[in-house]
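# Report on the structure
Each chain, letter by letter, is given below.
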Amino acid sequence: MRRKLVVGNWKMHGDIQSNQTLLEGITNGVRELSNADYVVCVPNPYLFQARELLKNTNVAWGGQNVNQHEQGAFTGAVAPHMLTDLGCTYVLLGHSERRSLFYETNLTASARFEAAIKAGLTPILCVGETQAERDAGLTEVIVASQMDAVMATLDEHEFALAMRLNMVFAYEPVWAIGSGKTASPDHAQTVHHFIRNRIAKRNAEAATKVRIIYGGSLKAKNAEDMFAMTDIDGGLVGGASLLLDEFVSICKVAN
Ligand code: PGA
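Let me sum up the structure you'll find in this document. Predicted, not measured: the structure shown is a model, and the values here were computed from it.

### What about the site of the ligand?
Near the ligand there are 13 residues, and of these K11, H95, E172, G178 and S217 occur at the shortest range. Between an oxygen atom of the ligand and a side-chain N or O atom of N9, the distance comes to 3.3 Å. G239 is positioned such that a nitrogen or oxygen atom in its backbone is 2.8 Å from an oxygen atom of the ligand. Here the shell around the ligand is built from residues that sort into 4 nonpolar, 7 polar and 2 charged.

### What to know about the layout of surface pockets
Taken as a whole, the largest pocket encloses approximately 520 Å³ of empty space. Together, 21 residues line the largest pocket, and K11, Q64, N65, R98 and F102 are the ones closest to its centre. Here the lining of the largest pocket takes 3 residues from helix α4 (residues 96–101), the largest share from any one element. The computed volume of the second largest pocket comes to approximately 150 Å³.

### Things to note about the packing of aromatic side chains
Inspection of every chain in the model, using the stated rule, returns 1 aromatic pair. Its guanidinium or amino end placed over the ring of F102, R98 lies 4.0 Å from that ring's centre, counting from NZ or CZ.

### Quick word on the sheet that holds strand β2 (residues 36–41)
One closed barrel holds the 8 strands; their spatial order is β1-β2-β3-β4-β5-β6-β7-β8, and the pairing between them is parallel. If you compare each strand with its neighbour and ignore which way they point, the axes differ by 25° on average. In this fold helix α7 (residues 139–153) packs onto β5 (122–127) and β6 (168–171), with an angle of close to 150° to the strand it touches most, β5.

### Brief notes about the pairing of strand β1 (residues 4–9)
Within β1, 6 of the 6 residues are buried, leaving the element largely enclosed by the surrounding structure. Where burial is concerned, the two faces of β1 agree: the one with K4, V6 and G8 and the one with L5, V7 and N9 are both buried. Strand direction decides the pairing type here: β1 and β2, joined by 6 bridges, are parallel. Residue pairing in the sheet places K4 in a bridge with A36 of β2. Here β1 runs beside strand β8 (residues 234–237); their pairing, made up of 4 bridges, is parallel. Bridge pairing in β8 places V6 opposite G235.

### Examining helix α9 (residues 185–202)
Compared with an ideal rise of 1.5 Å per residue, which puts 18 residues at 26 Å, α9 spans 26 Å between its outermost C-alpha atoms and is within 8% of the ideal. Those residues of α9 that sit buried are H187, A188, Q189, V191, H192, F194, I195, R196 and I199.

### Structural notes on the nonpolar core
Soluble globular proteins: nonpolar side chains tend toward being buried together. Membership of the largest hydrophobic core comes to 68 residues, with the highest contact counts inside it found for V40, F169 and I195. Those residues within four positions of F169 in sequence are excluded, and the remaining contacts are L125, M147, M151, I195, I199, V210, R211, I212 and I213. Listed in part, the 13 residues of the second largest apolar core include A60, Y90, I124 and I213.

### Some thoughts on the pattern of salt bridges
Taken as a whole and assessed by the stated rule, the structure comprises 14 salt bridges. The partner of R2 in a salt bridge is D233, and the shortest N-O contact between them spans 2.9 Å. Highlighted residues: R2 in the segment before β1 and D233 in the loop between α11 (220–227) and β8, separated in sequence by 231 residues. Classification of D233 by relative accessible area gives buried; the value is 2%. Linked through salt bridges whose partners overlap, the residues forming this network are R2, R196, D231 and D233.

Cut-offs applied
- Residues numbered from 1 in each chain as written.
- Predicted model: local features only at pLDDT ≥ 70, side-chain atom pairs only at ≥ 80, totals over all residues.
- Heavy atoms only, no water.
- Near = heavy atom within 4 Å.
- Polar contact = N/O pair within 3.5 Å; in protein donor to acceptor, adjacent residues only side chain to side chain.
- Nonpolar A, V, L, I, M, F, W, Y, C, P; charged D, E, K, R; others polar.
- 1 Å grid on protein atoms, 1.4 Å probe; cavity = no way out; pocket = protein on both sides within 12 Å on 5 of 7 lines; lining within 4 Å.
- Points joined across faces, edges and corners; volume = space filled by probe spheres on them.
- Helix = DSSP H or I, 4+ residues; strand = E, 2+ residues; numbered from the N terminus.
- Phe/Tyr/Trp six-rings, centres within 6.5 Å; stacked < 30°, edge-to-face > 60°.
- Lys NZ or Arg CZ within 6 Å of the ring centre and 35° of its normal.
- Pairing = 2+ DSSP bridges.
- Axes fitted to C-alpha atoms, helices over the stretch in contact; angles between N-to-C directions.
- Contact = heavy atoms within 4.5 Å.
- Buried < 20%, exposed > 50% of the residue type's maximum accessible area, 1.4 Å probe, protein only.
- Expected span 1.5 Å × (residues − 1).
- Core = buried A, V, L, I, M, F, W, Y, C linked by side-chain atoms within 4.5 Å.
- Salt bridge = Lys/Arg side-chain N within 4 Å of Asp/Glu carboxyl O.

Here it is in structure tokens:
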């Protein structure tokens, strides 16, 4: 039985004051919920604040991206060890906004995935098709190419390490992100099942254990139907993760 996982992706939102209110509200709201895992991925400048407010709670924190290099002349970049230094246990990788707005590719996602696991971070690899790709019937082709690029870079040792770290996949259809157009539970289930089968080609046992979470306009009102699907192990929540009641309600559904 896979434990459900709810990850809040704050994107570029927040300030010290509002973060404090939200983080305290979340920890109060999920304190008694011991049957699922909860994570918030906050903007880098607030990781220190997240550490202060979340240590010794059942809410973990993580980065929204990481660079593949350990250090050096990479202005504006953040190294994996910097995230672990700040107590991060998770990191999002290959988010569609990174791909479409910041020119990141399957190649950079792969390099970052490798660097993240070597630093001991649990990677959450985001995959998903655009509306045009979906209309062209390319959903599985796109998702497979995004997954395979990363899987192909992992040797047996690294794959085992990623499994020990409980690597996560997030299916986020680009057309559903921030649009209010949530995928239907059936569509999401079909793609999640496809993702699990793809992992099974590499390692059948791993496929049964890997958590595959759904993201894209996930709200309290659609979380129940989503989380009831066989291969949907939780959610990656953008907009609704900034709304205390919404986020806590989604955590309760997962629990
Ligand atoms: P959304 O974003 O919930 O606002 O659609 C999800 C995401 O981009 O991770």
